[in-house]
Amino acid sequence: PGTALDEAGLARRFQVSRTPVREAIRLLAASGLVELRAHRGAVVARPTSERLDGMFETMAGLEALCAGLAAERMTADERRLLETAHADLQVLIQSGDADRYHAVNEAFHFAIYAGAHNDYLAEITLATRGRVQPFRRAQFRNLGRLAKSYEEHDRVVVAILQGDRAAAAEAMRSHIMTVWQEYAVYAEANTAKK
């Protein structure tokens with residue numbers, strides 16, 4: 001956060017013209033990850049803790065709603081896809097591959113959004129997830145986080161498979177708020193190192 005983004009330097013680094021760099025910066029600004037400052041260029045955004053609290057609180061509510069609806073609406077095939085993603089995550093805990101875990105974690109959450117059978121809810125949940133994504137991803141670097149994340153997912157999966165809307169929603173809300181707490185631990189540890 002606070003790092004200036006030099007268009008010319010980024011274009012040279014990635015061996016592209018300044019046009020795609022400018023477009024990427026514009027898209028990042030639209031998502032809130034970059035701040036555009038008049039006559040000073042673009043910098044990596046530094047959201048306040050209040051803003052992050054609000055983002056995670058909203059994400060928890062949206063994902064809880066998705067999980068609750070998925071418990072009632074998922075088809076048998078969709079439930080199998082969710083179980084498969086969940087099983088894949090368990091295998092990745094052993095390898096400790098946080099990047100691969102992140103990718104499969106995305107598939108896990110997307111399966112729940114799709115299983116809610118509410119396109120508008122999926123759309124706004126994905127948009128919010130995009131804003132929170134950099135902060136969510138960082139928490140996977142915490143020691144033991146992959147296994148804890150899997151355990152939290154397990155509570156969500158069990159509730160969905162049982163068709164228990166309230167339990168699925170609560171398990172997901174709790175999971176996302178734990179993600180927020182884990183990010184805060186990660187951020188504090190990395191701020192202390194600097």
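Residues numbered from 1 in each chain as written. Predicted model: local features only at pLDDT ≥ 70, side-chain atom pairs only at ≥ 80, totals over all residues. Heavy atoms only, no water.

Draft legend 1. Summary view of the side chain of His109. If you trace the backbone, His109 turns up in helix H5 (residues 98–115). Among the residues examined, His109 registers a relative accessible area of 0% and is labelled buried. Ignoring any residue separated from it by four or fewer positions in sequence, one finds His109 in contact with Glu63, Arg129, Arg136, His153, Met172, His175 and Ile176. (Helix = DSSP H or I, 4+ residues; strand = E, 2+ residues; numbered from the N terminus. Buried < 20%, exposed > 50% of the residue type's maximum accessible area, 1.4 Å probe, protein only. Contact = heavy atoms within 4.5 Å.)

Draft legend 2. Quick peek at the packing of aromatic side chains. Across all of its chains, the model carries four aromatic pairs by this definition. When the centroid spacing of 4.7 Å and the interplanar angle of 20° are considered together, the rings of Phe56 and Trp180 count as stacked. Taken together, the residues span a long stretch of sequence, with Phe56 in helix H3 (residues 49–73) and Trp180 in helix H8 (residues 165–193) at a distance of 124 residues. Of the two residues, Phe56 and Trp180, both sit in the buried class. (Phe/Tyr/Trp six-rings, centres within 6.5 Å; stacked < 30°, edge-to-face > 60°.)

Draft legend 3. Up close: the packing of helix H4 (residues 76–95) against helix H7 (residues 145–161). For the pair H4 and H7, the least separation of the axes is 10 Å and the interaxial angle reads 160°. The pairing of H4 with H7 is recorded here as roughly antiparallel in orientation. For the crossing formed where H4 meets H7, the hand is left-handed. On H7, the residues touching Arg79, Leu82, Glu83, His86, Leu89, Gln90, Leu92 and Ile93 of H4 are Leu146, Ala147, Tyr150, His153, Asp154, Val157, Ile160 and Leu161. Tallied by class, residues from the contact of H4 with H7 come to 10 nonpolar, three polar and three charged. (Axes fitted to C-alpha atoms, helices over the stretch in contact; angles between N-to-C directions. Parallel < 35°, antiparallel > 145°, perpendicular 65-115°, else oblique. Left-handed = near helix turned anticlockwise from the far one by under 90°. Nonpolar A, V, L, I, M, F, W, Y, C, P; charged D, E, K, R; others polar.)

Draft legend 4. Structural detail: the nonpolar core. Leu82, Ile112 and Ile160 are the most contacted members of the largest nonpolar core, which has 43 residues in total. Residue assignment for this core shows that the elements contributing at least two residues are H3, H4, H5, helix H6 (119–138), H7 and H8. For this core, the leading source of residues is H3, giving 11 residues. If we ignore the near neighbours within four places in the chain, the residues touching Leu82 are Met74, Phe108, Ala111, Ile112, Val157 and Ile160. Counting five residues, the second-largest nonpolar core is a separate cluster that includes Ala11, Val21, Val34 and Ala42. (Core = buried A, V, L, I, M, F, W, Y, C linked by side-chain atoms within 4.5 Å.)

Draft legend 5. How the structure looks around the sheet that holds strand S1 (residues 4–5). If you trace the three strands from one edge of the open sheet to the other, you get S1-S3-S2, paired in antiparallel fashion. In the strand order of this sheet, the two ends are held by S1 and strand S2 (34–37), each with one partner. Sheet analysis places S1 next to strand S3 (residues 41–44), joined by two bridges and oriented antiparallel. Bridge pairing in S3 links Leu5 to Ala42. (Pairing = 2+ DSSP bridges.)

Draft legend 6. Layout of the packing of helix H1 (residues 7–14) against helix H2 (residues 18–30). Orientation of H1 relative to H2, taken along the N-to-C sense of each, is 115°, at an axis distance of 9 Å. For the crossing formed where H1 meets H2, the hand is right-handed. For the pair H1 and H2, contact is made by Glu7, Ala8, Leu10 and Ala11 and by Arg18, Val21, Arg22 and Ile25, respectively. A class-by-class count of the residues in the contact of H1 with H2 yields five nonpolar, no polar and three charged.

Draft legend 7. Spotlight on the side chain of His86. Inspection of the secondary structure assignment puts His86 in helix H4. There is a polar contact of 3.3 Å between the side chain of His86 and the side chain of Tyr150. Excluding its chain neighbours within four sequence positions, the residues that come into contact with His86 are Phe108, Tyr150, His153, Asp154 and Val157. (Polar contact = N/O pair within 3.5 Å; in protein donor to acceptor, adjacent residues only side chain to side chain.)

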